[in-house]
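Here are the chains, one letter per residue:
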Amino acid sequence: MRRLRVLARRHGPTSPVWRRRMAMGTGGALVGLVAILFAEMANAAIGIFKRDVASIWWLPLIVTPLGVVVIAIATRRFTPEGRGSGIPQVIAATSDPENSRSTLISLRVGIAKLLMTAAGLLAGASVGREGPTVQVSAAIMTRVHRVFRVPVTAGVIIAGGAAGVAGAFNTPLAGVAFAIEELANAFEQKVALLVMTAILIAGIVSIGIAGDYIYFGTMPSTIGLGRTLVIAPVAGVLGGMSGGLFSRLVLAITYRRERILGPLAKRPVAWALICGILIALIGIATQVTWGTGYSEAKMAIEGAPETLWFGPGKFAATLLSTVAGLPGGIFSPSLATGAGVGNLLCLLFPHDPRGAVVLLGMVAYFTGVVRAPLTAVIIIVEATASRGMILPLFASSLIADAAGRLVCKEKLYHALAREFLSCSAASA
């Protein structure tokens, strides 16, 4: 009997091993469910905005500046840990899991971030839903582990964030790659098992609810080796440097506000109002820069010609939305901007498959922004079912990584995490 009690304590339903498994399973299921629900909420928000703008063209001149100001004030006052993408917060949280669970990755901050990101899309801001999904997923996984009385480690936070990426894009392999390149400095075997378990369960829930969909739709075109050697370097250099420029501008405005913004650095409400007005003007002028940019990017990948202002306009609108102090990610807007870069590249290569050229511009720009070439390639391959483009995408991505480093030496998410690391240290 004594031996049985010892075995039950070590391996039974209440043992630490089973509590950890139950926590990971429950957390993964909840992450998949929340990712789908937030995707529906975000799509509904931007759909409402676009519908209203189609009938009242001047509406953004009122709604967008007012929305940006209100959301920026609310974020600054009530949930300052929720501003920006959400991925830097998760990176910062891995360095101090115990203190971060009540600040950077608290469930209160995560829920507020989802609501305010949806509000930003409803106001026409150029923000994405993937970064917020990563932050709230890490918060969910942390809270569930606390409920099951399992210690919260950096691996738990990484697993939650990676599952969020997989659930948001329906790209499980990209979730693993993202955990390796962005969230974890040392990707140990134990962390890998946690990540894959969380992604598996989140993916099962996501597919069970939304179906086995391809995020951007199927892109069957390919480019031969000879043309790859011509197009990939051009796309890599132009896209990588453009993405690096975006990162450099974001970091400059974040860490050198007084030098760049002058008196506006101490007047965040006025700065948010100016950003909102500019976002509205860009959107009215181009008609393609609202929201995540998903539908415009999908059309470009499918071969439909976009306005030449799509890429530059999306670049500017996303930059303004990012530095205005709004909650919201840059994943989808960066992919959309990259599609705009690819649209411009089609002018240089008019006789090559349009969708394939757009993908090369997309992967190059996205890599230049986040400096995670493996994640960029896997996300695009999974999100477009374009396995025949793997080699051209890798070539463009690796060149873009080097080109982006020339413009901005620091990786965007890790550089932004410094701000939250200092906040976490102050609260501790």
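Structure shown above.
From a predicted model like this one, the values you see are computed outputs, not experimental measurements. (Residues numbered from 1 in each chain as written. Predicted model: local features only at pLDDT ≥ 70, side-chain atom pairs only at ≥ 80, totals over all residues. Heavy atoms only, no water.)

> I'd love a proper account of the overall build of the protein chain, names of residues and values included.
Looking only at helices and strands, one finds 20 helices and 0 strands in the protein chain. Against the 2.2 N^0.38 benchmark of 22 Å for 428 residues, the protein chain shows a C-alpha radius of gyration of 21 Å, consistent with a compact globule. The buried share among the 428 residues of the protein chain stands at 56%. For the protein chain, restricting intrachain contacts to residue pairs at least 6 apart in sequence, the fraction spanning at least 24 positions comes to 79%. With an accessible surface of roughly 17,500 Å², the protein chain has 66% of that area assigned to carbon and sulfur atoms. If you average the places of the 37 positive and of the 19 negative side-chain charges in the protein chain, the two averages end up 10 Å apart. (Helix = DSSP H or I, 4+ residues; strand = E, 2+ residues; numbered from the N terminus. Rg over C-alpha atoms; globule rule 2.2 N^0.38 Å. Buried < 20%, exposed > 50% of the residue type's maximum accessible area, 1.4 Å probe, protein only. Contact = heavy atoms within 4.5 Å. Areas by Shrake-Rupley, 256 points an atom, 1.4 Å probe, with all protein chains shown as cover. Lys, Arg positive; Asp, Glu negative; His and termini not counted. Charge placed at Lys NZ, Arg CZ, Asp CG, Glu CD.)

> Explain empty space enclosed by the protein to me, using residue names and the numbers behind them.
Within this structure, the stated rule accounts for 2 cavities of 30 Å³ or more. Of the pockets and cavities examined, the largest cavity occupies roughly 40 Å³. Looking at side-chain class alone, the lining of the largest cavity contains 3 nonpolar, 6 polar and no charged residues. Reported here for the second largest cavity is a volume of approximately 30 Å³. Along the walls of the second largest cavity sit Ala166, Gly167, Asn170, Thr171, Pro172, Ile199, Gly203 and Ser206, which together make up its complete lining. (1 Å grid on protein atoms, 1.4 Å probe; cavity = no way out; pocket = protein on both sides within 12 Å on 5 of 7 lines; lining within 4 Å. Points joined across faces, edges and corners; volume = space filled by probe spheres on them. Nonpolar A, V, L, I, M, F, W, Y, C, P; charged D, E, K, R; others polar.)

> Which residues make up the side chain of glutamate 306, and what values do they have?
For glutamate 306, the position within the fold is in the loop between α14 (294-301) and α15 (310-323). At 8.3 Å, arginine 354 is the nearest oppositely charged side chain to glutamate 306, a buried residue that forms no salt bridge. When sequence neighbours within four positions are dropped, the list of residues in contact with glutamate 306 reads Val288, Glu296, Met299, Ala300, Asn343 and Arg354. (Salt bridge = Lys/Arg side-chain N within 4 Å of Asp/Glu carboxyl O.)

> Which residues make up the packing of aromatic side chains, and what values do they have?
Evaluation of the coordinates by the stated rule reveals 11 aromatic pairs. Judged by centre distance (5.7 Å) and plane angle (80°), the rings of phenylalanine 178 and phenylalanine 331 are edge-to-face. Of this pair, phenylalanine 178 sits in helix α9 (residues 172-183) while phenylalanine 331 sits in helix α16 (residues 331-348), placing them 153 residues apart in sequence. Classification of phenylalanine 178 as buried rests on a relative accessible area of 1%. An aromatic cluster is defined as three or more aromatic residues linked by ring pairs; in this entry it consists of Phe169, Phe178, Tyr215, Phe216, Tyr294, Phe331, Phe366 and Tyr413. Sitting over the ring of tryptophan 18, arginine 21 keeps its end group 5.1 Å from the ring centre. (Phe/Tyr/Trp six-rings, centres within 6.5 Å; stacked < 30°, edge-to-face > 60°. Lys NZ or Arg CZ within 6 Å of the ring centre and 35° of its normal.)

> Outline the side chain of aspartate 401, listing residues and values.
Following the sequence through the fold, aspartate 401 ends up in helix α19 (residues 390-407). Side-chain polar atoms of aspartate 401 contact the side chain of arginine 371, separated by 3.1 Å. Those residues in contact with aspartate 401 that sit more than four places away from it in its chain are Thr367, Arg371 and Pro373. (Polar contact = N/O pair within 3.5 Å; in protein donor to acceptor, adjacent residues only side chain to side chain.)

> Account for the nonpolar core, naming residues and giving values.
The biggest cluster of nonpolar side chains holds 116 residues, and the ones touching the most others in it are Phe246 and Leu393. Ranked by residues supplied to this core, first place goes to helix α17 (residues 354-370) with 11 residues. Apart from residues no more than four positions distant in its own chain, leucine 393 is found in contact with Leu359, Leu360, Val363, Val377, Ile380, Val381 and Ser386. Ranked by size, the runner-up nonpolar core spans 5 residues in total, among them Ile46, Phe49, Val53 and Ile284. (Core = buried A, V, L, I, M, F, W, Y, C linked by side-chain atoms within 4.5 Å.)

> Give a detailed account of the pattern of salt bridges, specifying residues and quantitative values.
In total, this model carries 10 salt bridges according to the counting rule given. The closest approach of N and O atoms between lysine 298 and glutamate 302, which form a salt bridge, is 2.5 Å. Here aspartate 401 ties to arginine 371 by a salt bridge, and the two come within 3.1 Å at their closest N and O atoms. Of the two residues, aspartate 401 is situated in helix α19 and arginine 371 in the loop between α17 and α18 (373-384); the sequence distance between them amounts to 30 residues. Per residue, the accessibility class of aspartate 401 equals that of arginine 371, and both read buried. Through salt bridges with shared partners, one network takes in Glu98, Arg101 and Arg146.

> Give me a positive patch on the surface: which residues, what numbers.
Taken together, Arg248, Arg256, Arg259 and Lys409 make up a surface patch of like positive charges. Following the sequence through the fold, lysine 409 ends up in the loop between α19 and α20 (412-427). (Patch = residues over 30% accessible without salt bridge, like charges linked within 9 Å, V, L, I, M, F, W, Y side chains within 5 Å.)

> Outline α18, listing residues and values.
Think of an α-helix as 3.6 residues a turn; residues three or four steps apart then line up on the same face. Over its 12 residues, α18 runs 17 Å from end to end, which matches the ideal 16 Å to within 8%, given 1.5 Å per residue. Across the 12 residues of α18, 10 count as buried, placing the element largely inside the fold. Every buried residue of α18 is accounted for by Pro373, Thr375, Ala376, Val377, Ile378, Ile379, Ile380, Val381, Ala383 and Thr384. Elements in contact with the buried residues of α18: α8 (154-169), α9, α14, α16, α17 and α19. (Expected span 1.5 Å × (residues − 1).)

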